[in-house]
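# Structural features, examined
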Amino acid sequence: MSGRREPGAMDFSFHYSESEDRIALQAPTDGEETVVWLTRRMTAGLLLALATLLARSNPNALLAPEHAAEILGFEHQNALVVASGGQELRLLASRLPKRLPLRLVEHIELTALSNGRGRIALRAGEHRLRLELPRENLHLLYDQVMGLAKHAHWNLEVGEPWQESAATSDSQPRVTH
């Protein structure tokens, strides 16, 4: 399975591998495609870290923390509607190359940038992958990864993500395996 790719959308894709029971992230880097694998545990951490990053970098949620869940929920729904042109975003089937190196993501770090974008840094052994995305695409990323986790029947206990991530602390979200 892969996230939907459209012109101007995210230039990377996610795929679920039943045989590996992992999610592969395929992204262009330095003229080649890089594939790294997310375990169930790292996927849960990524989802929580994304929700935390979005909560801690939304100025309206920071000004009204008692309404942060509603503000972030509206922002999330708006990002999905705008990205889809009012159509439901769907996960599409696709295939990964048959022979892929086993690069398990060991560390994920998310950073809110001053220009309203977010940076996701993934480390898989000696391989590093950095993605810089606008806020709307961070919401799309969350939605697509959550969709793949549901497709995989992982039953992640993330709950309502905006409730779990207080819009207050300044520390950067990190996930380490």
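Figured I'd write up the structure that's included with this text.

The rules behind the values
Residues numbered from 1 in each chain as written. Predicted model: local features only at pLDDT ≥ 70, side-chain atom pairs only at ≥ 80, totals over all residues. Heavy atoms only, no water. Core = buried A, V, L, I, M, F, W, Y, C linked by side-chain atoms within 4.5 Å. Buried < 20%, exposed > 50% of the residue type's maximum accessible area, 1.4 Å probe, protein only. Helix = DSSP H or I, 4+ residues; strand = E, 2+ residues; numbered from the N terminus. Salt bridge = Lys/Arg side-chain N within 4 Å of Asp/Glu carboxyl O. Pairing = 2+ DSSP bridges. 1 Å grid on protein atoms, 1.4 Å probe; cavity = no way out; pocket = protein on both sides within 12 Å on 5 of 7 lines; lining within 4 Å. Points joined across faces, edges and corners; volume = space filled by probe spheres on them. Nonpolar A, V, L, I, M, F, W, Y, C, P; charged D, E, K, R; others polar. Axes fitted to C-alpha atoms, helices over the stretch in contact; angles between N-to-C directions. Parallel < 35°, antiparallel > 145°, perpendicular 65-115°, else oblique. Left-handed = near helix turned anticlockwise from the far one by under 90°. Contact = heavy atoms within 4.5 Å. Phe/Tyr/Trp six-rings, centres within 6.5 Å; stacked < 30°, edge-to-face > 60°.

Attention shifts here to the nonpolar core. Nonpolar side chains in soluble globular proteins tend to be buried together. Formed by 35 residues in total, the largest nonpolar core has its most connected members in F14, L38, I108 and I120. For this core, the secondary-structure elements that each account for two or more residues are β1 (13-17), β2 (22-29), β3 (32-38), α1 (40-56), β4 (107-112), β5 (117-124), β6 (127-134) and α4 (135-151). Here this core gets eight residues from one element, more than from any other, and that element is α1.

Further remarks concern the pattern of salt bridges. If charged atoms from side chains of opposite charge come close, those side chains can pair. Taken as a whole and assessed by the stated rule, the structure comprises six salt bridges. Between E75 and R135 there is a salt bridge, with the nearest N and O atoms lying 2.7 Å from each other. Here E75, found in helix α3 (residues 68-84), pairs with R135, found in helix α4; they are 60 residues apart in sequence, far enough to count as distant. Accessibility expressed as a relative area gives 13% for R135, which makes it buried.

On to the pairing of β6, then. Here β5 pairs with β6 via eight bridges, running antiparallel. Pairing of A121 across the sheet is with R130, part of β6.

Following the criterion strictly, the structure yields two cavities of 30 Å³ or more and no others. Within this model, the largest cavity holds a volume of roughly 50 Å³. Considering the residues around the largest cavity, the lining is formed by F12, F14, L25, L38, L46, I120, L122, L131 and L141. Residues that form the lining of the largest cavity fall into these classes: nine nonpolar, no polar and no charged.

Looking now at the packing of α1 against α4. Where α1 contacts α4, the axes come no closer than 10 Å and their chain directions differ by 155 degrees. When the interaxial angle is binned, α1 and α4 end up roughly antiparallel. Considering how the two elements wind past one another, α1 and α4 form a crossing that is left-handed. Note on element contacts: α4 touches α1 through R135, L138, H139, L141, Y142, V145, M146 and A149, opposite T43, L46, L47, L50, A51, L53 and L54. For the contact of α1 with α4, the per-class residue count stands at twelve nonpolar, two polar and one charged.

Contact pair α3 / α4: the axes reach a minimum separation of 9 Å and the direction vectors enclose 90 degrees. Taken together, α3 and α4 sit at an angle that is classed as roughly perpendicular. Taken together, the residues of α4 that come into contact with α3 (itself represented by L72, E75, H76, A79, L80 and A83) are R135, E136, H139, L140, Y142 and D143. Grouping the constituent residues of the contact of α3 with α4 by class yields six nonpolar, two polar and four charged.

Counted by the stated rule, this structure contains one aromatic pair. Judged by centre distance (6.0 Å) and plane angle (80 degrees), the ring pair of Y16 and W154 falls under edge-to-face. Here the residue Y16 occupies a position in strand β1, and W154 occupies one in the loop between α4 and α5 (161-164), the gap between them amounting to 138 residues. Judged on exposure class, the residue Y16 and its partner W154 are both buried.

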